[in-house]
Amino acid sequence: MTTGEYYNSEETLSRDALEALQTQRLKETVSRCMRSPFYKERFRENGISPEDIKSLDDLKKIPFTTKQDLRDTYPFGMASVPLKDCVRLHSSSGTTGNPTVILHSAKDLSEWANAVARCLWMVGCRPDDVFQNTSGYGMFTGGLGFQYGAEKLGMLTVPAAAGNTLRQIKFFTDFGTTVVHAIPSYASRIYEVMRDKGIDPRRDTKLRILAIGAEPHSEDTRRRIEDMLGVKAYNSFGMSEMCGPGVAFECPEQNGMHIWEDYYIVEIIDPVTLEPVPDGQVGELVLTTINREAMPLLRYRTRDLTRIIPGECPCGRSHRRIDRIKGRSDDMIILRGVNIFPIQVEQILMQFSELASDYLITLDTEGGNDAMTVEVELSGNHFDDYTALQRLEKEITRMLRDEILVTPRVRLLPKGALPQSEGKAVRVRDNRKQYQ
Ligand code: AMP
Ligand code: ZN
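Residues numbered from 1 in each chain as written. Chains lettered and ligands numbered in written order. Predicted model: local features only at pLDDT ≥ 70, side-chain atom pairs only at ≥ 80, totals over all residues. Heavy atoms only, no water.

Trainee: How do you make sense of the domain arrangement of the chain when you look at a structure like this?
Mentor: It is common to give the size of an interface as the accessible area that goes away when the parts come together. By domain assignment, the chain separates into domain 1 (1-331) and domain 2 (333-435). Placing the centre of domain 1 and that of domain 2 at their C-alpha centroids yields a distance of 30 Å. Counting residues at the interface gives 20 residues for domain 1 and 22 residues for domain 2. Together, the buried faces of domain 1 and domain 2 total about 1600 Å²; carbon and sulfur atoms form 51% of this surface. On the domain 1 side of the contact with domain 2, Arg224, Lys326 and Asp331 bury the most area, a combined 31% of that side's loss. Taken together, the connections running from domain 1 to domain 2 amount to one salt bridge. Linking Glu192 and Lys415 is a salt bridge whose minimum nitrogen-to-oxygen distance equals 3.4 Å. Here domain 1 and domain 2 share ten residue pairs in polar contact (both at pLDDT 80 or more) between them. Those elements that place two or more of their residues in the side of domain 1 that touches domain 2 are helix H7 (184-196), helix H9 (219-229) and strand S15 (327-328). (Domains from an automatic or database assignment. Contact = heavy atoms within 4.5 Å. Buried area = accessible area lost by both parts, 1.4 Å probe. Salt bridge = Lys/Arg side-chain N within 4 Å of Asp/Glu carboxyl O. Polar contact = N/O pair within 3.5 Å; in protein donor to acceptor, adjacent residues only side chain to side chain. Helix = DSSP H or I, 4+ residues; strand = E, 2+ residues; numbered from the N terminus.)

Below you can see the structure in the form of structure tokens.
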């Protein structure tokens, strides 16, 4: 059992040792990939052989793998082991196109659980904690992924699954839940229901740690959730293609997420030129799995936009940190030629204490032009004072215009007016003709 500050000794390897480990694992991964019909053909087409990959630098000889490749090879065309050696698959429907499948061997699942346990240990979870997971179990990897990681660490786990907020809250109080995993929009929802029921998280629960992730959220949203629930909230990043949760996670410094470089080789590229960008500059995250048996992925284009945070982390872990996700390249709104990410709107909205956490951006065509409407719920009842409301609307509009360079229409709504989504929050609705 782990007792020290770090869960695995790999967390503090010197950069040289870490890179040596990566090189060895990369070579093993590439030779394993030759058993995958997809990669065998890819290598052949591009005139490369596994022997050409001798160093981390050689990685760039390998073409990128895309989500489309996963769709084209659906369901099992990328497997590097026979199906009899696989023990689970996760399938993601995504919002568009064919589903994708990721296969896992028993070793893959054990390594995944280790990665999640390492993340949770890093933020102070210990076997005497009670861990409650509010993620859906099933194909969504936030369910089983956190479940096995938390069990591996040795916590008492409460697999509450998604929804039924009153029951979640009852479990918090009855079971003495100390650690919760939730997507940010649901964490806010939990608080609102608690408040409506007169439950004070600080007085009536033992909550202390929250893992929040799976959807983009701003620093202000995190601080707001921390204040509401009286917890420390840590950003958790992952995706089904890389297992699920456990890819990158914040340490107690809360300044970027350590991305586990003994599991992944990290590249940040310019999504247009596909060339690497310097550390510190935002680009698309590209990941190569180097610790996976059943279905390794080489240079997978995640579409997530982030940057490497330059410099060492005071926590002593040598694995580099990525910044909170700015958005997905496919989430970017192009409005009258201006590029906008929903998170930029959120960053502004969350600065207003009068506003709750739910918002929706709607894009329409009006008189041949793009128009943006931002609807946001008020946190309390501010409808009595019409002048104050108008002033607030004006101020929000002004701040949004300064940030995104277009003037949106702002509509303030009473609490609960926006539709609640079951899973990840829907932040953008694009009704413009050319985007349908
Ligand atoms: P899924 O495979 O359905 O779990 O979705 C994975 C995607 O969710 C990632 O590619 C990101 O776009 C998004 N995501 C996951 N974790 C985070 C996070 N902590 N912050 C922002 N976006 C996230
Ligand atoms: Zn750190």
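Trainee: What should I look at first to understand the pairing of strand S20 (residues 409-413) in this one?
Mentor: Successive residues of a regular strand alternate their side chains across the two faces of the sheet. In the sheet, strand S19 (residues 369-378) pairs with S20 via five bridges, with the strands oriented parallel. Bridging from a neighbouring strand, Val374 pairs with Val410 of S20. (Pairing = 2+ DSSP bridges.)

Trainee: Help me understand the pattern of salt bridges, please; the structure alone is not making it clear to me.
Mentor: Pairs can form between side chains of opposite charge once their charged atoms are near each other. In this structure the tally under the stated criterion is 34 salt bridges. The shortest N-O distance in the salt bridge between Lys60 and Asp57 comes to 3.1 Å. Under the relative-accessibility criterion, Asp57 is labelled exposed at 54%. A salt bridge links Lys415 to Glu377; the shortest N-O distance between them is 2.4 Å. Residue Lys415 is located in the loop between S20 and strand S21 (428-430), and its partner Glu377 is located in strand S19; the two are separated by 38 residues in the primary sequence. Among the ionic contacts, a cluster of salt bridges with common partners joins Glu219, Arg222, Arg223, Glu226, Glu250 and Arg324. (Buried < 20%, exposed > 50% of the residue type's maximum accessible area, 1.4 Å probe, protein only.)

Trainee: Please explain the site of ligand 1 as it appears in this structure.
Mentor: As a structural note, the neighbourhood of ligand 1 is formed by 16 residues, with Asn235, Ser236, Ser240, Asp304 and Arg328 the closest of them. One of the side-chain nitrogen or oxygen atoms of Asp304 is found 2.6 Å away from an oxygen atom of ligand 1. Here an oxygen atom of ligand 1 sits 2.9 Å away from a polar atom, N or O, in the side chain of Arg328. For ligand 1, whose unbound accessible area comes to 500 Å², protein coverage reaches 88%. Classifying every residue of the shell around ligand 1 gives six nonpolar, five polar and five charged. (Near = heavy atom within 4 Å. Areas by Shrake-Rupley, 256 points an atom, 1.4 Å probe, with all protein chains shown as cover. Nonpolar A, V, L, I, M, F, W, Y, C, P; charged D, E, K, R; others polar.)

Trainee: What is the right way to look at the sheet that holds strand S6 (residues 209-213) in this model?
Mentor: Read across the sheet, nine strands follow the order S4-S3-S5-S6-S7-S8-S9-S14-S13 without closing on themselves; strand pairing throughout is mixed. Edge strands, defined here as strands with exactly one partner in the open sheet, are strand S4 (156-158) and strand S13 (308-309). Sitting on the sheet, helix H5 (residues 141-153) is in contact with strand S3 (130-133), S4, strand S5 (179-182), S6, strand S7 (232-237) and strand S8 (248-250), with an inclination near 170 degrees to S3. In the packing of H9 onto the sheet, the strands contacted are S6, S7 and S8, and the crossing angle to S7 comes to about 135 degrees. (Axes fitted to C-alpha atoms, helices over the stretch in contact; angles between N-to-C directions.)

Trainee: Looking at this structure, how should I read the coordination of the zinc ion (ligand 2)?
Mentor: The zinc ion (ligand 2) binds to the protein through Cys251 (SG), His258 (NE2), Cys313 (SG) and Cys315 (SG), with metal-donor distances spanning 2.1 to 2.3 Å. Here the zinc ion (ligand 2) is ringed by four donor atoms whose angles at the metal span 101 to 118 degrees, and the overall shape comes out tetrahedral. Written as a sequence motif, the donor arrangement for the zinc ion (ligand 2) is C-x6-H-x54-C-x1-C. A residue pair is termed long-range when its members are at least 10 positions apart, and Cys251 in the loop between S8 and strand S9 (257-259) and Cys313 in the loop between S13 and strand S14 (321-322) qualify at 62 residues. (Donors = N, O, S within 2.8 Å, 3.2 Å for Na, K, Ca; no water. Tetrahedral: all angles 85-135°; square planar, octahedral: opposite > 155°, others 65-115°.)

Trainee: Please explain the nonpolar core as it appears in this structure.
Mentor: Of all hydrophobic cores here, the largest spans 70 residues; its most connected members are Leu120, Phe237 and Phe249. With nine residues, helix H4 (residues 106-122) is the single largest residue contributor to this core. Other than its neighbours up to four places away in sequence, Phe249 contacts Cys119, Leu120, Met122, Val123, Phe146, Ala211, Tyr234, Asn235, Ser236, Gly256, Met257 and His258. Core analysis: the second largest hydrophobic core is formed by 25 residues, Leu335, Leu349, Met372 and Val374 among them. (Core = buried A, V, L, I, M, F, W, Y, C linked by side-chain atoms within 4.5 Å.)

Trainee: Teacher, can you tell me more about the pairing of S6 here?
Mentor: Here S6 lies mainly inside the structure; five of its five residues are buried. In S6, alternate side chains face the same way, and those of Ile209, Ala211 and Gly213 on one face and Leu210 and Ile212 on the other are all buried. By the bridge criterion, five bridges tie S6 to S7 in an arrangement that is parallel. Pairing of Ile212 across the sheet is with Asn235, part of S7. Traced from S6 through H9 to S7, the parallel crossover comes out right-handed. (Right-handed = clockwise from strand over helix to strand, strands pointing away.)

Trainee: Please explain the side chain of Asp262 as it appears in this structure.
Mentor: Its place among the elements puts Asp262 in the loop between S9 and strand S10 (264-269). Taking relative accessible area as the criterion, Asp262 reaches 2% and is therefore assigned buried. Among the polar contacts listed, one links the side chain of Asp262 to the side chain of Arg118, at a separation of 2.8 Å. Setting aside its immediate chain neighbours within four residues, Asp262 contacts Glu10, Leu18, Leu21, Arg25, Arg118, Ile290, Asn291 and His319.

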